[in-house]
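Chain residues, written in single-letter form:
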Amino acid sequence: MTAHYDWQANKTLSECNRHMLNNEIAFDVYFLVGENRQVVGAHRYVLVSRSCVFYAMLIGPMAGKSDEKIAIPDIENEVFQHMLEYIYCEDTKVETKNAIEILYSARKYGITGLEEKCRRVLEHGLTTQNVCNILQEADKFDELTLKNKCLEYIWHQPKDILRSSSFGNLSASLVKEIIQSDKLDAKEEVVFDAALQWSEQECLRNGVIVSPPNQRRYLGGILYYIRIPVLETGYYNKTVVKSDILSIEEKKSMQNYFSGVMKDVKRFRTDKRSKGENQTLHWRFGPVNCMHNETTAIAFSSSREVFIDGVELDGTGYDEEHYDVFLNIYDMDNQEKAKCKEKIAINKKKQSYQVKFPAPPIVSKGFTYTIILKIQAEHRYYGASGRSNLNKTDSHPAYINPEGEFTRLIVKKDQVPAILVRPLSDS
């Protein structure tokens, strides 16, 4: 064989498999993929060796004629190609935007490694913009772990999510799960507004007129999970009564409750939400000294799943100082998880300032993340006498980097005295 045909030379097994797949060499099985029935080829040996489902389809009891094209109408070509690439090479590019579809195909054909890859991408890629869509898909495909991650994410930072159009697209059962939780960290006024807007969307989806009777019909039992008795009286009179969602009997009961005649309201809860666990500060430093412009990086891991809300900054002893703050957080693959840019007016009477991410990222248990902070200012302070092990003392302890160095660049001094942390779940 001449050198021209020796493409196998110096290639790994994975690289040879990829070359065979991409160049359609010696295909012996074909599929009709997606609604358009696009023809896609592959190798029986590879598929059978990697999937019990393909084994059954191609040589087991489900096998058809060897020259027959196999229809797979429920998976589109692009997704099917990602699955094939993983089967051949044990790697493929999975992104948040395509992970749900790839996860479905991986589950269907028993590609467990690809399933786990998709779950990780989705769990690590949750944002206020996509969490409702991912929640809907996770519920549809019975992905309970992913579903619970989404619910926890929404409960802990619901403000923008409840007001988003994607919340209005959720199923009634998911809206109920979100609203009934004691962990939902939102004012009850925001919860009522969200439920009312969702009921409008539900009317439109079902092709009926948006009206109080129809909205109430679709809200059903969801309404009783909204703690209307804890609403401010002004909001209740201006918004709830005006919406005409409550029955005449319910309005009378509410009026008696607000006027003090009754201590309870039938079917409605009168206690405020506990709103889950509060944000905690993980303090790193004690005394402070002055420093000038400098970029610092903090590499850390956590013993449990948490939100990183942001950081606490030391102030300065100077009046009329301004900090231009640039804050980023990256995962182990150097993918940006969140960022913010903020201008802070410094007052020497105030010793510290909080900088928060608009959409706090989730930090997974055991993974390493890096916060990079840059402050542009004439003067700023740094902490000294740093600690590498930061504990949270409550019923669910969280340890930020319980082993090893807390910062990868500097340990004895830094601008960030504290990381703002909120537990996500009890994992």
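Residues numbered from 1 in each chain as written. Predicted model: local features only at pLDDT ≥ 70, side-chain atom pairs only at ≥ 80, totals over all residues. Heavy atoms only, no water.

The name an unreviewed UniProt entry assigns to the protein is BTB/POZ domain-containing protein 6-like isoform X3, from the organism Crassostrea virginica. Among the UniProt annotations of the protein, the heading Subcellular location (unreviewed entry) holds the following wording: "Cytoplasm". (UniProt positions renumbered as here; feature names shortened; annotations may be inferred.)

Scanning the protein from N- to C-terminus turns up 14 helices and 17 strands. Considering only intrachain contacts with a sequence separation of at least 6, the fraction spanning at least 24 residues in the protein is 71%. Carbon together with sulfur atoms contributes 48% to the accessible area of the protein, which is approximately 21900 Å² in total. (Helix = DSSP H or I, 4+ residues; strand = E, 2+ residues; numbered from the N terminus. Contact = heavy atoms within 4.5 Å. Areas by Shrake-Rupley, 256 points an atom, 1.4 Å probe, with all protein chains shown as cover.)

A probe as big as a water molecule, rolled over the atoms, marks out the empty space that is left. Looking at the largest pocket, its volume works out to about 750 Å³. Surrounding the largest pocket, 28 residues form its lining, Val-121, His-124, Asp-331, Gln-335 and Lys-337 being those nearest its centre. Split into classes, the residues belonging to the lining of the largest pocket amount to 13 nonpolar, seven polar and eight charged. (1 Å grid on protein atoms, 1.4 Å probe; cavity = no way out; pocket = protein on both sides within 12 Å on 5 of 7 lines; lining within 4 Å. Points joined across faces, edges and corners; volume = space filled by probe spheres on them. Nonpolar A, V, L, I, M, F, W, Y, C, P; charged D, E, K, R; others polar.)

Here the focus is helix H14 (residues 248-258). All buried positions along H14 are accounted for by Glu-250, Ser-253 and Met-254. End-on view of H14: buried residues confined to an arc of 100°, all on one side of the axis. Seen from the open side of H14, the exposed residues pointing more than 90 degrees away from its buried face are Ile-248, Glu-249 and Lys-252. In this fold, the buried residues of H14 make contact with helix H12 (212-219) and helix H13 (233-243). Gly-260 lies just past H14 and shows a positive phi near 90°. (Buried < 20%, exposed > 50% of the residue type's maximum accessible area, 1.4 Å probe, protein only. Arc of directions from axis to C-beta.)

Take the side chain of Asp-331 next. Following the sequence through the fold, Asp-331 ends up in the loop between strand S8 (321-330) and strand S9 (336-346). Each residue touching Asp-331, except ones within four places of it in the same chain, is listed here: Lys-337, Thr-368 and Tyr-369.

Tallying each qualifying case throughout the model produces 21 salt bridges. With a closest N to O distance of 3.7 Å, Asp-91 and Lys-117 form a salt bridge. Remark: Lys-117 occurs in helix H6 (residues 112-124) and Asp-91 occurs in the loop between helix H4 (77-89) and helix H5 (96-108); sequence separation between them is 26 residues. On the basis of relative accessible area, Asp-91 is assigned to the partly exposed category, the value being 39%. Residues Asp-182 and Arg-227 are paired through a salt bridge, measuring 3.1 Å at the closest nitrogen-oxygen approach. (Salt bridge = Lys/Arg side-chain N within 4 Å of Asp/Glu carboxyl O.)

Quick look at the sheet that holds strand S3 (residues 70-72) now. Read from one edge of the open sheet, three strands run S2-S1-S3, paired in mixed fashion. Looking at strand neighbours, the two that pair on one side only are strand S2 (38-42) and S3, the edges of this open sheet. Neighbour-to-neighbour, the strand axes of the sheet open up by a mean angle of 30°, direction not taken into account. Relative to S3, strand S1 (residues 29-33) runs parallel, the two being bridged by three bridges. Residue pairing across strands places Val-33 opposite Ile-72, the latter belonging to S3. (Pairing = 2+ DSSP bridges. Axes fitted to C-alpha atoms, helices over the stretch in contact; angles between N-to-C directions.)

It is worth spelling out the packing of aromatic side chains at this point. In this description, an aromatic ring pair is defined by two values, namely the gap between the centres and the angle between the planes. One pass over the full model with this rule turns up 10 aromatic pairs. Here the aromatic cluster, defined as three or more aromatic residues joined through ring pairs, consists of Phe-31, Phe-54, Phe-80 and Tyr-109. When the ring centre of Tyr-218 is taken as reference, the NZ or CZ atom of Arg-217 above it lies at 4.7 Å. Directly above the aromatic system of Tyr-224 lies the positively charged group of Arg-267, at a separation of 3.8 Å from the ring centroid. (Phe/Tyr/Trp six-rings, centres within 6.5 Å; stacked < 30°, edge-to-face > 60°. Lys NZ or Arg CZ within 6 Å of the ring centre and 35° of its normal.)

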